[in-house]
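# Close look at the chain arrangement
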Amino acid sequence: MTTRTGNGARVRIGVGAGMADDRVAPGVQLLQTSELDYLVCECLAERTIARETLNRRRSPELGYSPMLAERIRAFMPLCREKGVRLVSNMGAANPLGAARAARRHAAEAGVADLRCAAVIGDEVSDLLRSHPELQLMDARAPLESLLPRMASANAYLGADVVRDALATGAEAVLTGRVADPSLFLGVAMHHHGWSYDDLPMLAAGTMTGHLLECSVQVTGGYFADPGRKDVPRLAELAYPFADVGADGSIEIGKPAGSGGRLDRLTCTEQALYEIHDPARYITPDCVLDVTGLSFEELGPDRVRVRGPRAAPRTDTLKVVVGYADGWIGSGEVAYAGIHAVERARLAAELVQERFRLEGGKADEIQIDLIGMTALHGDTGRPQDRPEPYEVRLRVAARCPDRKSADLIGDHVRQLNMQGPYAAGGPVNLGPREVIAVDAVLIPRAWVKPEIVVVDKDAA
Amino acid sequence: MSTRVHDIAHARAGDKGNTSSVAVIAYDDAGYDRLRRHLTEARVMAAFAHLAKGPVARYEVPKLRALNFVIQQALAGGVTRSLRLDPHGKTMSSLMLTIELPED
């Protein structure tokens with residue numbers, strides 16, 4: 001099926017994770033069954049790095065993905081045995097620390113002397129401090145307004161750093177912030193020798209990455225609608241792989257006979273996932289256009305992808321800025337039977353009043369009636385949201401301090417005695433520190449990534 | 001009999017910052033034609049008005065029989081600071097599918 005060497009062949013890239021706490025077993029299944037050349041693990045959500053930056057401040061050797069040890073131990077013995085190279089952004093806020101930890105965990109799992117490459121240089125917080133004039137994309141205000149609270153700033157690097165890290169011969173490449181599809185394009189650029197002048201190839205590699213980066217979201221996850229869109233053996237969802245030809249051809253596959261579903265419908269949903277203008281999806285490597293896309297079902301576990309196009313990359317890189325934004329506290333309690341919703345509403349009022357009387361401070365309080373208005377909101381028209389037999393009240397507050405965030409939950413917790421009759425399962429869900437994110441664009445030339453080969457254990 | 005979007009299409013929601021994007025994909029050509037004529041930016045904005053400030057932008061992808069809606073200021077400040085039970089707005093797709101379309 002796949003040839004492991006050289007140009008003219010196709011490279012097979014499998015998925016080992018599509019989020020930080022994704023399942024491990026389907027990655028092992030792919031390694032065992034599917035003749036992979038590379039395994040890519042995408043493990044960084046927008047806010048993950050900010051959180052890991054705080055962890056690294058507390059423990060300087062940490063700051064990488066919390067599941068790194070488990071993934072390295074599960075995957076590296078099979079990778080070594082089968083000659084599969086691992087690429088992942090599990091480095092998070094500490095790619096070098098991640099590479100050292102990966103060597104240690106690999107050795108303990110029987111893989112001696114793992115050759116790692118770490119990609120550093122996505123961290124740009126010092127740079128941003130000297131440019132308070134940059135505009136925040138969400139807040140539509142100058143960066144200056146949140147500089148005092150800034151926790152992290154990481155630029156989305158492109159595929160070139162993955163390509164260059166693989167060129168060192170490393171078996172495992174660990175990065176910080178790299179755009180999700182770039183992890184895959186970088187593999188294809190390295191394997192096939194593609195350059196930034198090959199726009200159709202950049203389109204192919206980026207399209208492949210976009211379809212694969214969320215693991216099961218292309219193989220039947222985030223999809224089932226019983227009776228309308230059924231997914232066979234949903235409990236056994238498999239991870240996808242892609243065969244990417246040197247000519248830019250793309251086929252998406254999953255293990256023969258595995259659980260889940262891979263077809264035109266699942267591919268179409270994922271192709272449009274989180275892109276805004278389908279003719280202009282901006283990545284660090286190119287501007288992808290999916291409007292000419294088509295999917296051909298070649299078999300139950302195989303789809304041919306045609307028609308992605310690309311325009312040259314822009315002159316800017318997006319930087320995700322993490323910043324401290326106070327605390328969120330919340331609590332829940334349930335009511336049932338006659339006047340259940342009225343009792344929940346009374347409880348919500350008294351919790352807010354008691355919170356104020358005791359000096360609690362909140363910038364915003366959210367009242368949800370779970371079972372009625374918590375997800376699709378309250379339109380204000382009673383006919384849109386009929387009263388349910390049972391309802392669970394949720395009260396959440398954004399507070400400037402931890403104490404207030406805990407207080408709001410406490411008042412919900414105490415409703416079994418202190419509120420309307422028949423309050424079920426009251427709970428304080430506890431205060432949580434908020435790391436919010438926004439983004440700025442900076443000139444590409446400001447960012448200077450580096451590749452560090454880690455092939456010795458730290459002294 | 002009125003038609004809901006769910007009768008003729010499926011959908012997937014995603015998030016970036018405070019923006020929600022919802023792709024609506026028709027099962028067949030007739031459904032796509034109907035979506036294109038009736039699932040307008042104004043109709044979507046009206047269905048999301050109590051959750052999102054907007055504006056709503058609609059992109060057409062006829063080869064995939066899909067409309068891609070980008071709804072600004074839709075996520076109560078974004079995943080990380082929203083107080084909502086569903087901070088990602090993953091359930092926005094199922095709200096989109098409840099929208100009723102007028103008869104032809």
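Reading guide: rules and limits
- Residues numbered from 1 in each chain as written.
- Chains lettered and ligands numbered in written order.
- Predicted model: local features only at pLDDT ≥ 70, side-chain atom pairs only at ≥ 80, totals over all residues.
- Heavy atoms only, no water.
- Helix = DSSP H or I, 4+ residues; strand = E, 2+ residues; numbered from the N terminus.
- Rg over C-alpha atoms; globule rule 2.2 N^0.38 Å.
- Buried < 20%, exposed > 50% of the residue type's maximum accessible area, 1.4 Å probe, protein only.
- Contact = heavy atoms within 4.5 Å.
- Areas by Shrake-Rupley, 256 points an atom, 1.4 Å probe, with all protein chains shown as cover.
- Lys, Arg positive; Asp, Glu negative; His and termini not counted.
- Charge placed at Lys NZ, Arg CZ, Asp CG, Glu CD.
- Salt bridge = Lys/Arg side-chain N within 4 Å of Asp/Glu carboxyl O.
- Pairing = 2+ DSSP bridges.
- Axes fitted to C-alpha atoms, helices over the stretch in contact; angles between N-to-C directions.
- Expected span 1.5 Å × (residues − 1).
- Core = buried A, V, L, I, M, F, W, Y, C linked by side-chain atoms within 4.5 Å.
- Disulfide = S-S within 2.5 Å.
- Buried area = accessible area lost by both parts, 1.4 Å probe.
- Nonpolar A, V, L, I, M, F, W, Y, C, P; charged D, E, K, R; others polar.

### As for the overall build of chain B
For chain B, the helix and strand inventory stands at four helices and six strands. Along chain B, helices (α) and strands (β) appear in the sequence β-α-β-β-α-α-β-β-α-β when read from the amino end. In terms of overall dimensions, chain B is globule-like: its C-alpha atoms have a radius of gyration of 13 Å, near the 13 Å expected for 104 residues. Overall, chain B is about 40 × 30 × 20 Å in size when its C-alpha atoms are taken along their principal axes. For chain B, buried positions account for 60% of its 104 residues. Residue pairs at least 24 apart in sequence account for 60% of intrachain contacts in chain B once pairs closer than 6 positions are excluded. Per element, the accessible surface of chain B, about 3900 Å² overall, is 51% carbon and sulfur. For chain B, the distance from the average position of its 14 positive side-chain charges to the average position of its 11 negative side-chain charges is 8 Å.

### Observations concerning the side chain of R385 of chain A
Tracing the backbone through its elements, the reader meets R385 of chain A in the loop between strand 15 (364-370) and strand 16 (390-399). This buried residue, R385 of chain A, is left without a salt bridge; D384 of chain A holds the nearest opposite charge, at 5.2 Å. If near-sequence neighbours (up to four positions away) are discounted, R385 of chain A is found in contact with M372, T373, H376, G377 and T379 of chain A together with H50 of chain B.

### Some points on the sheet that holds strand 3 (residues 19-26) of chain B
Residues and elements named next belong to chain B. The strand order 2-3-5-4 describes an open sheet built from four strands, whose pairing is antiparallel. Unpaired on one side and paired on the other, strand 2 (9-16) and strand 4 (56-61) mark the two borders of the sheet. Strand-to-strand twist of the sheet, defined as the mean angle between neighbouring strand axes without regard to direction, takes the value 20 degrees. The pairing of strand 3 with strand 5 (residues 66-71) spans six bridges and is antiparallel. Paired with S21 across the bridge in strand 5 is V70.

### A closer look at helix 7 (residues 180-192) of chain A
Residues and elements named next belong to chain A. In this model, helix 7 (13 residues) spans 19 Å end to end at C-alpha, consistent with the 18 Å of a helix rising 1.5 Å per residue. Where helix 7 is concerned, the buried positions are D180, P181, S182, L183, F184, L185, G186, V187, A188, M189, H191 and H192. Phi turns positive one or two residues past the end of helix 7, at G193, with a value near 70 degrees.

### Notes on the nonpolar core
The biggest cluster of nonpolar side chains holds 112 residues, and the ones touching the most others in it are F75, L128, M207, L211, L272, F295 and V319 of chain A. With 29 residues, the next largest nonpolar core counts A26, Y32, V44 and L51 of chain B among its residues.

### Some remarks on the state of the cysteines
Put plainly, a disulfide is one covalent bond tying together the sulfur atoms of two cysteines. Residues and elements named next belong to chain A. According to the stated counting rule, one finds zero disulfides over all chains in the structure shown. A disulfide-free cysteine, C267 has its sulfur positioned 13 Å from the sulfur of C214, the nearest such atom. Exposure remark for C267: the relative accessible area of 0% places this residue in the buried category. With no disulfide of its own, C286 has C214 as its nearest cysteine by sulfur position, at a separation of 17 Å.

### So, the interface of chain A and chain B
Much of the literature gives interface size as the accessible area that the parts lose upon coming together. Tallying the contact residues gives 55 residues for chain A and 41 residues for chain B. For the pair chain A and chain B, the two sides together bury roughly 4100 Å², of which 54% comes from carbon and sulfur. It is R228, H276 and H376 of chain A that lose the most area in chain A upon contact with chain B, and together they represent 17% of the buried surface on that side. For the pair chain A and chain B, the interface holds two salt bridges. The shortest N-O distance in the salt bridge between R81 of chain B and D325 of chain A comes to 2.6 Å. Among the elements of the structure, helix 9 (264-271), strand 11 (294-299), strand 14 (316-336), strand 15, strand 16 and strand 18 (432-443) of chain A are those that each provide at least two residues to the side of chain A that touches chain B. Residue composition of the side of chain A that touches chain B, grouped by class: 23 nonpolar, twelve polar and 20 charged.

### Things to note about helix 2 (residues 48-58) of chain A
Looking only at helix 2 of chain A, the buried set comprises T48, I49, A50, E52, T53 and L54 of chain A. Buried residues belonging to helix 2 of chain A abut strand 5 (150-155), strand 14 and strand 18 of chain A.

### Some remarks on unusual backbone geometry
A cis geometry characterises the amide bond from G54 of chain B onward to P55 of chain B, with omega recorded as 5 degrees. In this fold, P55 of chain B is placed in the loop between helix 3 (41-48) and strand 4. Here the phi dihedral of E35 of chain A falls at roughly 50 degrees; this positive angle occurs in a residue that is not glycine. Within the secondary structure layout, E35 of chain A lies in the loop between helix 1 (25-33) and strand 2 (38-41). Positive phi values are uncommon outside glycine, yet Y222 of chain A reaches one of about 60 degrees. In this structure, Y222 of chain A sits in the loop between helix 8 (199-212) and strand 7 (241-245).

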